[in-house]
Amino acid sequence: MTLSFAAAVPERGFDVALEVPEGRTLALLGPNGAGKSTLLESAAGLLRPHDARISVGGRDLTVTERGRTRVWVPPHARGVGLLAQDARLFPHLSVLENVAFGPRAAGVPRGIAREAAQGLLDDVGVGDLAARRPRQLSGGQAQRVAIARALATDPALVLLDEPLAALDADVTPALRHTLHRVLAGRTAVVATHDVLDALLLADDVAVLDGGRVVEHGPAQEVLTRPRSAFAARVAGLDVLAGTWDGEALRTAAGEHVRGVLEGELTVGDVAVAAFRPSAVAVHLTPVTGSPRNTWERTVTALEPQGDLVRVRCGDLAADVTPASVAELRLAPGLPVFLTVKAAEVRVYPR
């Protein structure tokens, strides 16, 4: 069922409107404090926005106007399944009883609820743990049980709040695969910081920043052609914004960026240029030669990036070898020149 969401929470600076079509998964990306949790809490009925119209499948769940409630469906009656970072299983119940709890609370006969719960546990790969108590589970096992419990009532909407963030790296890939499988065909929203979650779990991505949607579209497009600084950072790209002057992108600082044009632009159109940090070279003096872009920056940080070192220079970054760092004596505060060939840059409409 389609989620239609529009809500404003002035005290949090939150004002978001978006739609998740039936059967699709939307990933919410954004820095801490961007509004991801506010969106999930509002959809789940844990927060009552000042102004809102939130519906699933055409059924209004929340309608508020200027702080006055017109429609309010309590959380337990919304048909929404919520999965948080912490599994939050009932410690006094077995794994099977944890998963059967939702259907039982909805009036499903005990035998039918337990049978369905066992089927869900089998689906997520922990069917053999049905008799255990939560304290006997590993973190990955507990999260699998929590997934089964969130799906046990066959919710019209599934909400996941950083579902993999608290897990060890060795169990994350398998659980991500499980989530991908069980979310297929369901309407779901996943709040995450991990670009892999967005790419592997979601059909669409919405980037939140400062309580607003700054990007929204198919996951592959947003993460390969980002238009916001945050999306570019999680996608591992450098992005510069500006206007098209007919030959190059001109930034607000007056810098020119030349690259391969994708799409149609006319003079004055807002555009963005994107390129990978691995395509950026770092020099101590200006470089001339083949068609290339050159920008003067100051090193702000050095970070390990696999076998390379990411040299952050304010709004731009370059990936270089440790040998280059040593040879150039790169360190925060050092003025440098960053260069990238025009052929490595993609310019497209914003």
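Look up a bit, the structure's there.
Because the structure is predicted, anything quoted here is derived from the model rather than measured.

Definitions and limits used
Residues numbered from 1 in each chain as written. Predicted model: local features only at pLDDT ≥ 70, side-chain atom pairs only at ≥ 80, totals over all residues. Heavy atoms only, no water. Pairing = 2+ DSSP bridges. Helix = DSSP H or I, 4+ residues; strand = E, 2+ residues; numbered from the N terminus. Axes fitted to C-alpha atoms, helices over the stretch in contact; angles between N-to-C directions. Buried < 20%, exposed > 50% of the residue type's maximum accessible area, 1.4 Å probe, protein only. Polar contact = N/O pair within 3.5 Å; in protein donor to acceptor, adjacent residues only side chain to side chain. Salt bridge = Lys/Arg side-chain N within 4 Å of Asp/Glu carboxyl O. Parallel < 35°, antiparallel > 145°, perpendicular 65-115°, else oblique. Contact = heavy atoms within 4.5 Å. Nonpolar A, V, L, I, M, F, W, Y, C, P; charged D, E, K, R; others polar.

Explain the sheet that holds strand β8 (residues 157-161) residue by residue, including any values.
Pairing within the open sheet is mixed, and its 6 strands lie in the order β7-β8-β9-β3-β10-β11. Strand pairing shows two members of the sheet lacking a second neighbour, β7 (80-83) and β11 (212-218), which therefore form its edges. Neighbour-to-neighbour, the strand axes of the sheet open up by a mean angle of 15°, direction not taken into account. Bridge analysis of β8 against strand β9 (residues 188-191) gives 4 bridges, and the strand direction is parallel. In the sheet register, Leu 160 faces β9, and the bridge partner there is Val 190.

Which residues make up the sheet that holds strand β23 (residues 346-349), and what are the values?
Ordered in space as β14-β13-β12-β16-β23-β15, the 6 strands form an open sheet in which the pairing is mixed. Pairing within the sheet leaves two strands with one partner each, and these edge strands are β14 (256-257) and β15 (260-261). Across 6 bridges, strand β12 (residues 238-244) lies against strand β16 (residues 270-275) in antiparallel orientation. Bridging across to β16, Gly 242 finds its partner in Ala 271.

Can you break down the pairing of strand β4 (residues 51-56) residue by residue, with the values?
Summarising the sheet, strand β1 (residues 3-9) and β4 pair through 6 bridges and their orientation is antiparallel. Residue pairing in the sheet places Ala 8 in a bridge with Asp 51 of β4. Relative to strand β5 (residues 59-65), β4 is paired through 5 bridges, and the arrangement is antiparallel. Bridge assignment links Ile 54 to a residue of β5, and that residue is Thr 62.

Can you tell me about the environment of Arg 250, naming the residues and giving the values?
Along the chain, the position of Arg 250 falls in strand β13 (residues 249-250). Given the relative accessible area of 40%, Arg 250 is considered partly exposed. Sequence separation of Arg 250 and Ala 271 is 21 residues, and the distance between their C-alpha atoms is 9.0 Å. Side chain to side chain, Arg 250 and His 256 meet in a polar contact 3.3 Å long.

Account for the pattern of salt bridges, naming residues and giving values.
Side chains that differ in sign of charge can pair as their charged atoms come close. One pass over the full model with this rule turns up 10 salt bridges. The closest approach of N and O atoms between Arg 53 and Asp 60, which form a salt bridge, is 3.1 Å. A residue is classified by how much of its surface remains accessible, and Arg 53, at 44% relative accessible area, is partly exposed. Relative accessible area serves as the criterion here: at 29%, Asp 60 is assigned to the partly exposed category.

Provide a residue-level description of the packing of helix α4 (residues 139-151) against helix α5 (residues 172-183), including the pertinent values.
In contact at an axis separation of 11 Å, α4 and α5 are set at 10° when each is read in the N-to-C sense. It follows from the interaxial angle that α4 and α5 lie roughly parallel. Two secondary-structure elements touch here, α4 through Gln 143, Arg 144, Ile 147 and Leu 151 and α5 through Ala 174, Leu 175, Thr 178, Leu 179 and Val 182. Of the residues belonging to the contact of α4 with α5, the class tally is 6 nonpolar, 2 polar and 1 charged.

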